[in-house]
Amino acid sequence: MEDNPVKVLCVVGARPNFMKIAPIIRALGNPAFRFTPVLVHTGQHYDNDMKHSFFEQLNIPEPDTDLGVGSGSHANQTAEIMKRFEPVMDAERPRAVLVVGDVNSTIACSLVAVKKGVPVIHVEAGLRSGDRTMPEEINRVLTDQISDLLFTTERTAADNLIREGIDPARIHFVGNVMIDTLFDNLERALPAAETVRARAESTGGPDISAGFGLVTLHRPSNVDDPDTLAGLLKCLREISEQLPLVFPVHPRTRQRMEAAGFTSSDLGPAIFTTAPLGYHEMLGLMREARLVLTDSGGVQEETTALGVPCITLRDNTERPITVDQGTNTLIGTDPDRIREAARQILATGGKAGRVPELWDGRAAERIAAVIHDRYQDTVQ
Ligand code: UD1
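Reading guide: rules and limits
- Counting restarts for each chain: residues are numbered from 1 in the order of the written sequence.
- Local features in a predicted model are, by the rule used here, given only for residues with pLDDT of at least 70; side-chain atom pairs are given and counted only at 80 or more, and totals for whole chains, interfaces and linings are based on all residues.
- Hydrogens and water are ignored here; the side-chain numbers use all heavy atoms of the structure.
- Throughout this description, buried means an accessible area under 20% of the type-specific maximum (1.4 Å probe, protein chains only), exposed means over 50%, and partly exposed covers the range between.
- Helix and strand definitions here come from DSSP, where helices need a minimum of 4 consecutive H or I residues and strands a minimum of 2 consecutive E residues; each element is numbered from the N-terminal end.
- Pairing between strands requires that DSSP locate at least two bridges from one strand to the other.
- Note on definitions. A residue lies near a molecule or strand when any single heavy atom of the residue is within 4 Å of it.
- Pairs of N or O atoms are called polar contacts if they sit within 3.5 Å, as long as, within protein, a hydrogen donor faces a hydrogen acceptor (for residues adjacent in sequence, only side-chain-to-side-chain pairs).
- To be clear on the numbers: accessible area is Shrake-Rupley with a 1.4 Å probe, and residue cover counts the displayed protein chains and nothing else.
- Only Asp, Glu, Lys and Arg are considered charged in this grouping, and only Ala, Val, Leu, Ile, Met, Phe, Trp, Tyr, Cys and Pro are considered nonpolar; every other residue, Gly among them, is considered polar.
- For each domain, the first and last residues come from an automatic or database assignment.
- By convention, a crossover is right-handed whenever its connection, traced from the first strand over the helix to the second and viewed with the strands pointing away, goes clockwise.
- Working convention: axes come from line fits to C-alpha atoms, limited for helices to the stretch in contact. Angles between N-to-C directions cover 0 to 180 degrees.
- Residues count as neighbours in contact if any of their non-hydrogen atoms are within 4.5 Å of one another.
- By convention, the term buried area covers the 1.4 Å-probe accessible surface removed from two parts as they join, with the contributions of both added.

## Brief notes about the pairing of strand β4 (residues 96–100)
Point 1. Most of β4 is tucked away: five of the five residues are buried.
Point 2. Alternating residues of β4 divide into Ala96, Leu98 and Val100 and Val97 and Val99, and every residue in both groups is buried.
Point 3. Pairing of strand β1 (residues 6–12) with β4 involves three bridges; the strand directions are parallel. The residue of β4 that forms the bridge with Cys10 is Leu98.
Point 4. With four bridges joining them, β4 and strand β5 (residues 120–123) adopt parallel strand pairing.

Here it is as structure tokens:
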């Protein structure tokens, strides 16, 4: 501690944060930089399968502090994180606070830090869907406005930031830490058949030997309205008549399905639902899938890095490079369009795509180097 006295407080809260923070903690801990990363978990995601397996699989150290906030309305959750984070700031007195992504924990901890005069570092800055009904979009715009250093994953992000008045000197295009984690873990990805067999328990699971598709669904705009949800599930059932689907169900989606009276059997025999999966299971399924249907942000990027065709069940994306260069196609939620997109991918193999610039597994190293340069005054 004496040798590395300058603390950078790193915040995680929800599942998509864990794979982003893992390489950053490692890079900041490099003795060449002489920083001490301190990990704070807000507890926004608290289920074992939304949290613990990721710490283990990604080799993330146990958090120095767990705020244990759990869920609640947006206002409640954000406020609770802020209240519990402030005393941690007072105790740790970090040189900077580093936040990732766009979840409620990201904005809540940034707000606390900036009002205490502690610089905020935002990793994955500048992504914009242009859709301010998305809670994440509000979190992105506001976090970027109060950040001192902004690290971007694609070049268009800087254009968005500059348009919003951010000083270009603060913006650094470094690549994608989520892809650092992906490349780092590829050899530990579990074979899809093994995952399905292990998760199917007594039933044995569907036969995926001739190929399968992978589904993830959790955006409020897709799952909170029972009619939209019903339309999507019906469409998935139809696609599953051509290609079996594996569907790890997010807790939000499970709650909404139950509330709307859906059971697994309503999905038909060729959709295999599971609890949320660990990272290595998910990576194996993504890598082997013939197509992925998703409304997740991270999965759009991961499929692009893996070269697997992705159908995004949204009208917009904050990650346009996955469409312009990668394997992603924005389809929206119209069942006819989704079915047609799936049919085309199965017939043609889908877009070839290429891996975007600087998605090379070294983004976290670049981030650590910039942080070092920026705050080196305080590093002896
Ligand atoms: C959050 C993020 C979203 C991210 C997603 C990934 C915000 C605004 N949204 O959405 O950007 O893509 O996580 O998962 O921060 N729940 C559990 N167990 C858990 C976590 C949640 O049962 O471990 C339940 C909650 O009680 C809640 C629902 O799932 O009812 C949704 O969780 P919440 O954290 O509100 O938002 P997400 O939809 O997960």
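So that's the structure; there's more coming.
## So, the site of the ligand
Point 1. Gln44, His45, Asp47, Glu136 and Arg252 are the nearest of the 19 residues found near the ligand.
Point 2. For the ligand, an oxygen atom lies 2.7 Å from a polar atom in the side chain of Gln44.
Point 3. The side chain of Glu136 places a nitrogen or oxygen atom 2.8 Å from an oxygen atom of the ligand.
Point 4. Burial of the ligand by the protein chains amounts to 89% of its free accessible area of 740 Å².
Point 5. Of all the secondary-structure elements, those providing two or more residues to the shell around the ligand are α3 (74–92) and α11 (251–259).
Point 6. Residue contributions to the shell around the ligand peak at three residues, all from α11.
Point 7. Classifying every residue of the shell around the ligand gives five nonpolar, nine polar and five charged.
Point 8. Among the domains, domain 1 (6–175 + 359–378) and domain 2 (186–348) are the pair contributing at least three residues each to the shell around the ligand.

## Focus on the pairing of strand β10 (residues 271–274)
Point 1. Across the two faces of β10 the burial is the same, with Ile271 and Thr273 and Phe272 and Thr274 all buried.
Point 2. Pairing between strand β9 (residues 245–248) and β10: four bridges, direction parallel. Bridge pairing links Val246 to Phe272 in β10.
Point 3. Each parallel crossover has a hand, and the one from β9 via α11 to β10 is right-handed.

## Considerations on the sheet that holds β10
Point 1. Taken in spatial order, the six strands line up as β10-β9-β8-β11-β12-β13 in an open sheet, and their pairing is parallel. Strand pairing shows two members of the sheet lacking a second neighbour, β10 and β13 (328–330), which therefore form its edges. Neighbour-to-neighbour, the strand axes of the sheet open up by a mean angle of 20 degrees, direction not taken into account.
Point 2. Against the sheet, helix α13 (residues 297–306) contacts β8 (213–216), β11 (291–294), β12 (310–312) and β13, and its axis sits at roughly 165 degrees relative to β11.

## Quick look at the domain arrangement of the protein chain
Point 1. Splitting the protein chain by domain gives domain 1 (6–175 + 359–378) and domain 2 (186–348).
Point 2. Listed by partner, the interface residues are 22 residues for domain 1 and 19 residues for domain 2.
Point 3. Between domain 1 and domain 2 lies a buried interface of about 1800 Å² when both sides are counted; carbon and sulfur atoms form 57% of it.
Point 4. Together, Gln57, Glu154 and Trp359 form the three largest contributors to the area buried by domain 1 at its contact with domain 2, with a combined 30%.

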